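So you can see what is in the structure, the chains are spelled out below.
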Amino acid sequence: STANTQEGGQLRRIETDTDELEKRSFFSSNFNYNKKLESIGVNFFGGLQYSRYIRGLESDIFIRQDAQDFELLQVRDQNFQIDAMAGRIDLEKRFGNGLKAEVGTNIYRATADAFLDFQFLDQDRKLRSDYRYQENNYAFYAQISAETKRMNYTLGLRTETNEVDGRFEGEDEPLIDRRRTNLYPRLSLNYTIDSTKTLSLNYDTANRRPNYLNASSITTFLAPSLEYSRNANLQPTITNEASLNFQYKNQSIRFSYFERQRPVNQSIVFDSENRQAVMSPENFDRETGFNISLTSPLNYKFWTITNFVMLSFSEIKDPRAEAIGAKPFIYFYTDHRFRLPQKINWGISCWGLSDQEIGVLKRKGYIVLNTTLSKTFGNKWTAAIAVNDLFRQLQVVET
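1. Some remarks on the nonpolar core
The nonpolar side chains of a soluble globular protein tend to be buried, and buried together. Residues Tyr53, Leu57, Phe80, Ile82, Ala112, Ala114, Tyr131, Tyr133, Val164, Ile176 and Ile218 constitute the largest nonpolar core, which totals 11 residues. Secondary-structure elements contributing two or more residues to this core are strand S3 (42–65), strand S4 (71–94), strand S5 (100–120) and strand S6 (125–147). Ala114 has contacts with Asn79, Phe80, Ser129, Asp130, Tyr131 and Ser217, leaving out every residue within four places of it along the chain. Counting eight residues, the second-largest nonpolar core is a separate cluster that includes Ile316, Leu353, Leu361 and Val368.

Listed below in structure tokens is the structure:
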């Protein structure tokens, strides 16, 4: 990679050459058991899952300044391992008049070990650390649902307790010592107005945890003044969403309002002591917004069309970030399928996003065009060719 830096009016060109040896391994195993207990009329489900993810990265980093010879700058050894065990039990019972009751519980435990050993040869110093992370989660839910001639509804409540302990080896005090208990209510109501019209009301609270495959502590050297780092301490994002949907035949319009606690976005922080910028995923404080969407599928003889358009407004609020305002943006998708003679099918789709401003982040819009052509031979063989992003417009730019 090449970077141009300017300090005190002096422009310098720095080239980086990195030799890396990386290893990754992932293992997952699960056991599920499902049985109907006829004597009490209950469906029983039980499941266990174990997962292990290991990633190691050894790096020799060379730099060259202003066309001089390459010099070895840093030697890095990084290892990350996480083990997760989860168990779940669900019970379901149906009563008369379309009434159904469900209860369940799930427990999971995750432990992680993040080790790093850095040698900064230009500064004659070393950095070594071993970070241990442990997370326990206990959840219980209960839900009832019922159906009548014109209406069906679901009421549910989930409670979840999350415990986290994270500390560096040799330290008495933990870096993270967190215990939270949250309630997640759910309401779904569908009312059939007549044979062509349906009105739906939904309220849901969801808890989305970071993907453990990405939540390691591995850092990637991009340039002497810029690094990318994973974040093993990411917290779950809690989303509260209320929506109203009106459907007429196969056309529908939907309005939703949402609020997210601790949304995850990319952040960049400058370390003035080491004169280096570090980019990493971070939990922001809060995000609020709304969506208005329209879905309109159409059929005409050999031509099938699917159209979707959504107007969105989203704003990130965080005391660490200087807000630059927010404005609505549009996402659209249109797909066209043509059934041609000789069992040939041709499809063309287009989707895109307009420019976005969501609090501290700006994202550049783009439009993507894809096409496919397929032919069926007999009743068993199909050959297809697909070309994505025909005009090479899919360039994601975030500031």
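We are not done yet, so read on.
2. Description of the environment of Gly347
Relative to the elements of secondary structure, Gly347 occurs in strand S20 (residues 344–353). Classification of Gly347 by relative accessible area gives buried; the value is 3%. C-alpha separation for the pair Gly347 and Ile89, spaced 258 residues apart in sequence, amounts to 44 Å. Ignoring anything within four residues of it in the chain, the contact list for Gly347 reads His336, Arg337, Asn370, Thr371 and Thr372.

3. Topic: the sheet that holds strand S18 (residues 326–327)
Reading across the sheet, the three strands line up as S18-S21-S22 and stay open at both edges, with antiparallel pairing between neighbours. Edge positions in the sheet fall to S18 and strand S22 (361–363), since each of these pairs with one other strand and no more.

4. Considering the packing of aromatic side chains
The geometry of an aromatic ring pair is captured by the separation of the ring centres together with the interplanar angle, meaning the angle of the planes. Taken as a whole, this structure holds 12 aromatic pairs when the rule is applied. Taken together, a centroid distance of 6.4 Å and an interplanar angle of 50° make the contact between Tyr331 and Trp351 tilted. Here the residue Tyr331 occupies a position in strand S19 (residues 329–340), and Trp351 occupies one in strand S20, the gap between them amounting to 20 residues. The partly exposed category is assigned to Trp351, whose relative accessible area is 22%. Aromatic ring contacts, followed pair by pair, group Phe302, Trp303, Phe338 and Trp346 into a single cluster. When the ring centre of Phe258 is taken as reference, the NZ or CZ atom of Arg260 above it lies at 4.3 Å.

5. Remarks on the environment of Ile144
Within the secondary structure, Ile144 sits in strand S6. By relative accessible area, which is 38% here, Ile144 ends up partly exposed. Spatially, the C-alpha atoms of Ile144 and Arg180 are 26 Å apart, while their sequence positions differ by 36 residues. Those residues within four positions of Ile144 in sequence are excluded, and the remaining contacts are Lys100, Ala101, Tyr153, Thr154 and Leu155.

Cut-offs used in this document
Residues numbered from 1 in each chain as written. Predicted model: local features only at pLDDT ≥ 70, side-chain atom pairs only at ≥ 80, totals over all residues. Heavy atoms only, no water. Core = buried A, V, L, I, M, F, W, Y, C linked by side-chain atoms within 4.5 Å. Buried < 20%, exposed > 50% of the residue type's maximum accessible area, 1.4 Å probe, protein only. Helix = DSSP H or I, 4+ residues; strand = E, 2+ residues; numbered from the N terminus. Contact = heavy atoms within 4.5 Å. Pairing = 2+ DSSP bridges. Phe/Tyr/Trp six-rings, centres within 6.5 Å; stacked < 30°, edge-to-face > 60°. Lys NZ or Arg CZ within 6 Å of the ring centre and 35° of its normal.

All we've got here are geometric facts, nothing functional implied.
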